[in-house]
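# A look at the structure
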Amino acid sequence: MSDTPSLLIGGNASGQFLMDASMANRHGLIAGATGTGKTITLQNLAESFSRLGVPVFLADVKGDLSGLAAAGSTHQKIDARVKQLSIENFQFRSVPTVFWDMFGSKGHNIRTTISDMGPLLLSSLLTLNDTQSGILYACFKVADDNGWLLLDLKDLRSMLSWLADNASELKGEYGNISSSSIGAIQRKLLVLEEQGAAHFFNEPAVELDDLIKIDFSGNGVVNVLDVTKLIHQSPKLYACFLIWLLAELFENLPEVGDADRPKFVLFFDEAHLIFDDAADVLVNKIEQVVRLIRSKGVGVYFVSQSPVDIPEDILGQLGMKIQHALRAFTPKDKKVVKASAASFRQNPEIDTEQLITELGVGEALISVLDADGKPTPVELVYIKPPESRIGPLTDKERAEHIARSPYKGRYDKVVDRESAYELLKQKAEKLAASNTQTEAKKPVAKRQSTRQTPVNAMVKSAARSMGSQIGRQIIRGILGSLFGKR
């Protein structure tokens, strides 16, 4: 038997079904119709990774996964499955858990800045057309050139207003800036703010190191992001957050080479939201990040109803596939079942296409990568029950858990440091003051010149000099977010 650590996923008549942990950074997919057991499979995998000392980040769509923080309890079905799979040393116990919430009510605030998000993701988030996206890119370029930080929504709004006011001066270097397009972007920002985005775009931004922790007993900490409110209120923001997190990890984590287990694992539930209506350029960037991030020791696991929710180029990179039951009531459903069956390495002893529609709750068709990186033939597997609680914590239990968190107080209060909004406000006040002084010195009223005053030119020159010094330190990463800024 190999000394390489492995994860127990379940078992069947042939024995226990294990996944080689050294292949866990080759990503995976958990698919199946609602109510077929995807959440229990996700909970089981997160728990198993934690026991191996691998930190985990997952999105809790229904609120059920908060049960990871509490020990499970005996139940007839659980006891029967444990006996069926001959699991030794099964014990009800929790895993170290930290709760996060973009709105700060069910966990620690999780935030980032407008500059961190970058123009590509923001264009997708705001569903901008090509012209509007071009203006947003120009907005970021001007801010970078002048060293003006875009931290929150008011920074971005003030920057766009400044672009509109100075469009004629900026045209030669940054292209045509249409006031109507800026107005459309501003209106979409208001809608985004109504959806709660102001809670997310702010400081202090979450530190990646706080998501990748191992506790004193050697267990990986499981980060649970509650998105029960977010996913209904702003599914696009949820999707963009997941992509941003993936890009941040890729750009900040060091290369690790071949290892016997991942450094970090992500579970993206409702993964279809990441790709719905996403521009081709964004999907291509996601595909690139997914392909390259495994060299950083990061495993990405998409959770969705069907494999067809995932773009083909990304689906082909997923080494582990867990398929729960699908229903085939319509011709479209039957096509999905056929495509799902075709994504597996076939097993001559199994009619994969037929079996997908007959699976019971807690049963799945699974293929993983062997020690040589080759996909194993698909097998019918009975999923191992989790040792932590199946179902959510009570509100009181969650509050007590958050009160004991090592991050208590770190992300509670918003920090509003000097950024584009304040700098542009100061710039406008100085310009107004210099114009007032100039007007006061004029002996008679004259036609206003369109040329810059010497004071205005000096202010502009100083600002550009300052910006060029800061701007040279600003490097934007693969998705246009700030790289290496922290």
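Keep in mind it's a predicted model, so treat the numbers as computed, not measured.

Inspection of the secondary structure puts Ser405 in the loop between helix H16 (395–403) and helix H17 (420–441). Its relative accessible area of 12% is what places Ser405 among the buried residues. Distance in space between the C-alpha atoms of Ser405 and Val98 is 6.8 Å, their sequence separation being 307 residues. Beyond its immediate stretch of four places on either side in the chain, Ser405 contacts Val98 and His108.

Relative to the elements of secondary structure, Asn44 occurs in helix H1 (residues 38–51). A polar atom in the side chain of Asn44 sits 3.1 Å from the side chain of Lys384. Aside from chain neighbours lying at most four places away, what touches Asn44 is Leu8, Ile9, Ile383, Lys384 and Pro385.

Taken as a whole, helix H6 (residues 167–174) has its buried residues at Ala167, Leu170 and Tyr174. The arc that holds the buried residues of H6, viewed along the axis, is 70 degrees, so those residues lie on one side. Along H6, the residues that are exposed and aim more than 90 degrees away from the buried face are Ser168 and Gly172. Two residues or fewer past H6, Gly175 is found with a positive phi of approximately 90 degrees.

On to the side chain of Glu422, then. In this fold, Glu422 is placed in helix H17. For the buried residue Glu422, which engages in no salt bridge, the nearest side chain bearing the opposite charge is Lys154, 4.2 Å off. In this view, Glu422 contacts Lys154, Asp155, Asp416 and Arg417; residues no more than four positions away in its chain are not counted.

Bringing the pairing of strand S11 (residues 363–367) into the picture now. Here S11 lies mainly inside the structure; five of its five residues are buried. Burial along S11 is two-sided: the residues Glu363, Leu365 and Ser367 and Ala364 and Ile366 are all buried. Across three bridges, the pairing between strand S10 (residues 320–323) and S11 is antiparallel. Bridge pairing in S11 places Ile322 opposite Ile366.

This part takes up the pattern of salt bridges. Here the structure, examined in full by the defined rule, presents 13 salt bridges. Lys384 is the partner of Glu47 in a salt bridge, and the nearest nitrogen-oxygen pair spans 3.8 Å. Note that Glu47 is positioned in helix H1 and Lys384 in the loop between strand S12 (379–383) and H16, a separation of 337 residues in sequence. The burial state of Glu47 is the same as that of Lys384; both residues are buried. Linking Arg261 and Asp260 is a salt bridge whose minimum nitrogen-to-oxygen distance equals 3.1 Å. Among the residues examined, Arg261 registers a relative accessible area of 29% and is labelled partly exposed. Each of the salt bridges in this network shares a partner with another, and the network as a whole consists of Arg51, Arg93 and Glu387.

The next subject is unusual backbone geometry. With the exception of glycine, most residues fall at negative phi, and the peptide bonds are largely trans. Cis geometry is found at the peptide bond from Glu203 to Pro204, where omega equals 5 degrees. Summarising the element assignment, Pro204 is placed in the loop between helix H8 (197–200) and strand S7 (222–226). A positive phi angle is found at His27, which is not glycine, with a value near 75 degrees. With respect to the helices and strands, the residue His27 is situated in the loop between strand S2 (15–20) and strand S3 (28–31). With a phi close to 60 degrees, Asn89 is a non-glycine residue in the positive phi region.

What counts as what
Residues numbered from 1 in each chain as written. Predicted model: local features only at pLDDT ≥ 70, side-chain atom pairs only at ≥ 80, totals over all residues. Heavy atoms only, no water. Helix = DSSP H or I, 4+ residues; strand = E, 2+ residues; numbered from the N terminus. Buried < 20%, exposed > 50% of the residue type's maximum accessible area, 1.4 Å probe, protein only. Contact = heavy atoms within 4.5 Å. Polar contact = N/O pair within 3.5 Å; in protein donor to acceptor, adjacent residues only side chain to side chain. Arc of directions from axis to C-beta. Lys, Arg positive; Asp, Glu negative; His and termini not counted. Salt bridge = Lys/Arg side-chain N within 4 Å of Asp/Glu carboxyl O. Pairing = 2+ DSSP bridges.

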